[in-house]
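Analysis of the macromolecular model
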Amino acid sequence: MNIKKSVAIALGGGGARGYAHIAVLEALDELGVKPVAIAGTSIGSIIGAGYAAGMSGKDIRHYAINLAHNRAEVMRRMYRSRAGRITAIFGGGLGDATRLDAEKLCNQFLPDKLPDDFGALKIPLTVVASDLYTRREVIFSEGPLKRALAASIALPTIIRPVEIDGRVLIDGGATNPLPFDLLRGRADVVVAVEISGPPSADKRTIPNALECLYETVMVMTHSIISGKVDSHGAPDLFLQPNVGTFRALDFFHVSAILRAAEPAKEEVKKKLAALLDA
């Protein structure tokens, strides 16, 4: 395929549903398309960082599957990622004893392929976090990479906020869950992958407290993205892999999520090829 137009891709947040991003990246690889820029929020920033570091879509797939299928190893790494000591429970520190430390999570779970600094990435990457107190998005594209990724995934209640340069930062999805707007003007074609899942009028079950938190985040995500599309226009290619039936915490279900996202690969190939040939 003779490609003359440039492509940039935005990868959104949505917990374990973010595994669907892998299928889209595999489609880019099969088309021979290398993005000139990537922007990501939360799980999208993690997947995007792996790709920006030089991992192929299949590399990321194999890494995710091998890790998720070793439940005992995952639990060991999660235990090492606690924000506080279990003994803190007896001293009134229940919050930190049960929350996760975002930077420890990144150190425990990110592939060794990822460099320490944005400057060592093969593709320019933009990572979105949110300032808890100014209520604004915070954009990282240079400096320490893993701290920026840690801030982008710091979902309140589950993961302790990350402090960088005096700012208290939380999950980027609170302000910009699908940062395609940050790629405007940087490529001929902007692709955005939204994985929070479509609204459902059929569900009637009352979720547990944790799932209720995540689903509330998805409500806000949908509202923010819809408002951004209405006010600023949609990206050139807006993809929604069919992974909405999965829960945000279904990280052990990577194989099933990837199977559900497989049809998105053909959609990418067909629609993106048309845009690039236009």
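Look a little higher up for the structure.
Keep in mind that this is a model prediction, so the values were computed, not measured. (Residues numbered from 1 in each chain as written. Predicted model: local features only at pLDDT ≥ 70, side-chain atom pairs only at ≥ 80, totals over all residues. Heavy atoms only, no water.)

**Quick word on the nonpolar core**
Our working rule: Side-chain atoms within 4.5 Å are what join buried Ala, Val, Leu, Ile, Met, Phe, Trp, Tyr and Cys residues into a set we call a nonpolar core. Classification of residues uses two cut-offs on accessible area relative to the type maximum, computed with a 1.4 Å probe and protein chains only: under 20% is buried, over 50% is exposed, and between them is partly exposed. A run of H or I in DSSP becomes a helix once it reaches four residues, and a run of E becomes a strand once it reaches two; helices and strands are each numbered from the N terminus. We call two residues in contact whenever any of their non-hydrogen atoms come within 4.5 Å of each other.
Of all hydrophobic cores here, the largest spans 76 residues; its most connected members are I9, L125, F140, L149 and L272. If one sorts the elements of this core by residue count, helix α1 (residues 20-31) sits on top with eight residues. Ignoring sequence-local partners within four residues, the contact set of F140 consists of F118, L125, T126, V127, A129, A148, I164, R167 and L169. Counting residues in hydrophobic clusters, the runner-up holds eleven residues, among them A37, F180, L183 and A187.

**Quick notes on a nonpolar patch on the surface**
The following threshold applies: The patch calculation keeps residues exceeding 30% relative accessible area without a salt bridge and links them within 9 Å when they carry like charges or within 5 Å when they are nonpolar (Val, Leu, Ile, Met, Phe, Trp, Tyr). Only the protein chains shown count as cover for residues, with accessible areas throughout obtained via the Shrake-Rupley method and a probe of 1.4 Å. The salt bridge definition used is simple: a Lys or Arg side-chain nitrogen within 4 Å of an Asp or Glu carboxyl oxygen.
Together, L210, L249 and F251 make up a nonpolar patch on the protein surface, roughly 210 Å² of accessible area in all. By the secondary structure assignment, F251 is in the loop between β10 (237-239) and α9 (254-277).

**Things to note about helix α3 (residues 57-68)**
Spelled out, the test is: Each residue after the first adds 1.5 Å to the expected span of a helix. What the arc covers is the set of directions going from the helix axis to the C-beta atoms.
When the terminal C-alpha atoms of α3 are compared, their 16 Å separation across twelve residues agrees well with the 16 Å that a helix rising 1.5 Å per residue should span. Looking only at α3, the buried set comprises G57, I60, R61, A64, I65, L67 and A68. The buried residues of α3 occupy an angular sector of 165° when projected down its axis, which confines them to one face. On its buried side, α3 packs onto α1, α2 (43-52), α4 (71-80), α6 (102-109) and α9.

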